[in-house]
Amino acid sequence: METSRERLARQLAEAVAEALRSDLAVQERALLVVSGGSTPVPFFRALATLDLPWERIDVTLADERWVAEDSADSNARLVREHLLTGAAAEANFVPLTTDDATPEQGVDAVAARIDRLAWPASMVILGMGGDGHTASLFPDSRELGLALSTDDTVVAVRTPSQPQARITLSAGRLHQARRHVLHLNGEDKRTVLATAMAGDDVRKLPIRAFLACPLAIYWAP
């Protein structure tokens with residue numbers, strides 16, 4: 001029997017597919033920006049089964065840990081294993097890492113790669129942590145102010161609460177989408193979101209940077 005989270009993931013996949021088809025009716029390529037973590041896995045699997053012109057779709061990530069793609073902590077690995085399967089393997093996946101030792105060294109190459117994609121994105125799908133972070137916009141990151149305000153495409157991030165260095169699309173770049181979705185599971189995340197909606201200090205709960213734009217919320221217990 002389908003769980004509420006699986007049903008939500010299927011509904012989100014259908015909405016994403018509809019958005020991509022709509023944009024591809026009037027343009028040659030479409031861009032989908034996804035997030036990592038455990039929450040999107042059922043969504044990835046559901047989307048991969050849908051009939052789409054995958055060869056005309058670019059997929060990239062909102063953020064990434066600066067690890068090898070075969071690492072268990074790699075969001076790219078997650079996407080390759082759960083989304084880029086079957087017909088969906090024809091999509092053009094654009095990772096956020098290079099062979100450089102640090103994200104600071106690789107940031108320019110990654111930015112150039114991302115800038116070549118079909119912006120504005122058809123859809124950006126965000127997640128949210130229990131601390132109110134989204135993408136790699138963490139409350140305790142020393143680069144948070146930069147990531148929230150810069151016109152740069154991507155930002156290298158160091159965060160005391162996280163073991164690995166990261167790279168993230170800037171808030172400005174993430175805003176460059178026709179549609180934004182926040183995909184959440186669990187009562188704890190709903191409580192954090194309610195707190196975020198009740199205030200406006202973006203530095204305390206960075207998800208607030210996206211609450212002012214039209215944001216479709218997909219939540220399951």
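A brief look at the structure comes next. (Residues numbered from 1 in each chain as written. Predicted model: local features only at pLDDT ≥ 70, side-chain atom pairs only at ≥ 80, totals over all residues. Heavy atoms only, no water.)

### Quick notes on unusual backbone geometry
Turning to step 1, where the next piece is worked out: In the segment running from W119 into P120, the intervening peptide bond is cis, with an omega of 0°.
Turning to step 2, where the next piece is worked out: Considering the arrangement of structural elements, one finds P120 in the loop between α4 (103-115) and β5 (123-126). (Helix = DSSP H or I, 4+ residues; strand = E, 2+ residues; numbered from the N terminus.)

### Some details on the nonpolar core
Turning to step 1, where the next piece is worked out: If you look at the biggest cluster of nonpolar residues, it comprises 76 residues, and the most contacted ones within it are V16, V33, F43, L47, V79, L83 and L174.
Turning to step 2, where the next piece is worked out: Here this core takes nine residues from helix α1 (residues 4-24), the largest share from any one element.
Turning to step 3, where the next piece is worked out: If we skip the residues at most four places from it in the chain, V16 touches L32, F43, L47, M123 and I125. (Core = buried A, V, L, I, M, F, W, Y, C linked by side-chain atoms within 4.5 Å. Buried < 20%, exposed > 50% of the residue type's maximum accessible area, 1.4 Å probe, protein only. Contact = heavy atoms within 4.5 Å.)

### Regarding the environment of A15
Turning to step 1, where the next piece is worked out: Tracing the chain through its elements places A15 in helix α1.
Turning to step 2, where the next piece is worked out: Residue classification places A15 among the partly exposed residues on the basis of a relative accessible area of 21%.
Turning to step 3, where the next piece is worked out: Taking the C-alpha atoms as reference points, A15 and R142, separated by 127 residues in sequence, lie 35 Å from one another.
Turning to step 4, where the next piece is worked out: When neighbours within four sequence positions are excluded, A15 is seen to be in contact with M123 and Y218.

### What about the pattern of salt bridges?
Side chains bearing opposite charge may pair, as long as their charged atoms lie close to each other.
Turning to step 1, where the next piece is worked out: Counted by the stated rule, this structure contains 13 salt bridges.
Turning to step 2, where the next piece is worked out: Of the charged contacts in the structure, one is a salt bridge between R178 and D23, with a shortest N-O distance of 3.5 Å. Remark: D23 occurs in helix α1 and R178 occurs in the loop between α6 (171-174) and β8 (180-185); sequence separation between them is 155 residues.
Turning to step 3, where the next piece is worked out: On the basis of relative accessible area, R178 is assigned to the partly exposed category, the value being 42%.
Turning to step 4, where the next piece is worked out: Owing to a relative accessible area of 4%, D23 belongs among the buried residues under this scheme.
Turning to step 5, where the next piece is worked out: For E81, the salt bridge is made with R77, and the minimal N-O distance between the two is 2.8 Å. Taken together, the residues span about one helical turn, with E81 and R77 both in helix α3 (residues 75-82) at a distance of four residues. (Salt bridge = Lys/Arg side-chain N within 4 Å of Asp/Glu carboxyl O.)

### Considering the layout of surface pockets
Turning to step 1, where the next piece is worked out: Considered as a void within the structure, the largest pocket measures approximately 380 Å³ in volume.
Turning to step 2, where the next piece is worked out: Elements represented by at least two residues in the lining of the largest pocket include exactly β3 (63-65), β5 and β8.
Turning to step 3, where the next piece is worked out: Among the residues making up the lining of the largest pocket, the classes are represented as seven nonpolar, twelve polar and four charged. (1 Å grid on protein atoms, 1.4 Å probe; cavity = no way out; pocket = protein on both sides within 12 Å on 5 of 7 lines; lining within 4 Å. Points joined across faces, edges and corners; volume = space filled by probe spheres on them. Nonpolar A, V, L, I, M, F, W, Y, C, P; charged D, E, K, R; others polar.)

### With respect to the side chain of E143
Turning to step 1, where the next piece is worked out: As for its placement among the helices and strands, E143 is situated in the loop between β5 and α5 (144-149).
Turning to step 2, where the next piece is worked out: A residue is classified by how much of its surface remains accessible, and E143, at 12% relative accessible area, is buried.
Turning to step 3, where the next piece is worked out: At a separation of 2.8 Å, a polar atom in the side chain of E143 contacts the main-chain amide nitrogen of R158.
Turning to step 4, where the next piece is worked out: Excluding residues within four positions of it along the chain, E143 makes contact with V155, A156, V157 and R158. (Polar contact = N/O pair within 3.5 Å; in protein donor to acceptor, adjacent residues only side chain to side chain.)

### With respect to the packing of helix α2 (residues 41-48) against α3
Turning to step 1, where the next piece is worked out: Interaxial distance between α2 and α3 falls to 9 Å at its minimum, and their mutual angle equals 40°. As the angle between them shows, α2 and α3 are arranged oblique. Read as a crossing pair, α2 and α3 show a hand that is right-handed. Contacts from V41, F44, R45 and A48 of α2 reach α3 at L78, V79 and H82.
Turning to step 2, where the next piece is worked out: Considering only residue class, the contact of α2 with α3 consists of five nonpolar, one polar and one charged. (Axes fitted to C-alpha atoms, helices over the stretch in contact; angles between N-to-C directions. Parallel < 35°, antiparallel > 145°, perpendicular 65-115°, else oblique. Left-handed = near helix turned anticlockwise from the far one by under 90°.)

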